Amino acid sequence: MAELTGEKRHKTNRGGRVQRLLYHAPDNPNQESPFDRAIVQVVQGQNVSIVSPYIGLQYLHRLIGLSASWRLISDVLEWLSATPVRERGAVYEFLKIHDGLVHHYPAIHAKAVVSRVGAYTGSANLTDAGVLRRTEFGVLLTDPCQVSEVQQWFDDIWGQTSP
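Below is a short write-up of the structure. Source: prediction; values computed, not measured.

The rules behind these values
Residues numbered from 1 in each chain as written. Predicted model: local features only at pLDDT ≥ 70, side-chain atom pairs only at ≥ 80, totals over all residues. Heavy atoms only, no water. Salt bridge = Lys/Arg side-chain N within 4 Å of Asp/Glu carboxyl O. Helix = DSSP H or I, 4+ residues; strand = E, 2+ residues; numbered from the N terminus. Buried < 20%, exposed > 50% of the residue type's maximum accessible area, 1.4 Å probe, protein only. Arc of directions from axis to C-beta. Contact = heavy atoms within 4.5 Å. Expected span 1.5 Å × (residues − 1). Polar contact = N/O pair within 3.5 Å; in protein donor to acceptor, adjacent residues only side chain to side chain.

**A look at the pattern of salt bridges**
In step 1: Within this structure, the stated rule accounts for four salt bridges.
In step 2: Of the charged contacts, one joins aspartate 36 and arginine 62 as a salt bridge, the two residues approaching to 2.5 Å between their closest N and O atoms. Placement of the pair is aspartate 36 in helix H1 (residues 34-43) and arginine 62 in helix H2 (residues 57-66), with a sequence separation of 26 residues.
In step 3: Note on arginine 62: relative accessible area 37%, which makes it partly exposed.
In step 4: Ionic pairing is found between arginine 71 and aspartate 155, a salt bridge with its closest N-O pair at 2.7 Å. On the criterion of sequence distance, the pair formed by arginine 71 in strand E4 (residues 69-74) and aspartate 155 in helix H6 (residues 144-160) is long-range, its members being 84 residues apart.

**Quick look at helix H4 (residues 85-97)**
For the α-helix, the turn length of 3.6 residues means that residues three or four positions removed from each other point alike.
In step 1: The complete set of buried residues in H4 reads Val91, Phe94 and Leu95. Looking straight down H4, one finds that the buried residues subtend no more than 95° of arc, so they occupy a single side. Those residues of H4 that are exposed and aimed more than 90 degrees away from the buried face are Arg86, Tyr92, Lys96 and Ile97.
In step 2: Where H4 is buried, its residues meet H2, E4, helix H3 (76-82) and strand E5 (102-104).

**Considering H6**
In step 1: Relative to the 24 Å expected for 17 residues at 1.5 Å per residue, H6 spans 24 Å between its end C-alpha atoms, a close match to the ideal helical length.
In step 2: Among the residues of H6, those classed as buried are Gln146, Val147, Gln151, Phe154, Ile157 and Trp158. Projected down its long axis, H6 carries its buried residues within an arc of 135°, all on one side. H6 presents Cys145, Glu149, Gly159 and Gln160 as exposed residues on the side facing more than 90 degrees away from its buried surface.
In step 3: For H6, the capping residue at the N-terminal end is aspartate 143, with a side-chain oxygen 3.1 Å from the backbone nitrogen of cysteine 145.

**Observations concerning the environment of glycine 122**
In step 1: With respect to the helices and strands, the residue glycine 122 is situated in strand E7 (residues 118-122).
In step 2: Considering only alpha carbons, one finds glycine 122 and valine 139, 17 residues apart in sequence, at a separation of 6.1 Å.
In step 3: The contact partners of glycine 122, leaving out residues within four places of it in the chain, are Lys111, Phe137 and Gly138.

Bear in mind that shape data such as this cannot, by itself, settle questions of function.
This is the structure we're talking about:
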């Protein structure tokens, strides 16, 4: 069986576009998270656009702290229903404080983090468990054309939604 390192670099045949496939090695759950490493690379000091239906407030605060600015699209009702009751007040407070920066998009299930330096997308929810501990799969895009396309997708949804 091939050894799973948690990160592989690939080039496509069209234009030499580079992307990294990301995953937790099933036999080494204690390794550094390739998802977290990729997301931090995208977010660090950047204007960032985030899409996720399930978000851990602690993880989101970390991303916000690393970014220059941010916007979030989420299925807010799903986010709240998946949040433990004892933590919902903190999410409500977060939404109130950051009014205008979070847009509700019903039934969105995509997970993506994009800035001018890259775009991460994958199966991992933006929670500590999803990004740091679960067996997930994702990709980090760094080709400017692909990153621009993901950003345009985000902007199109943002323009169709409201806080």
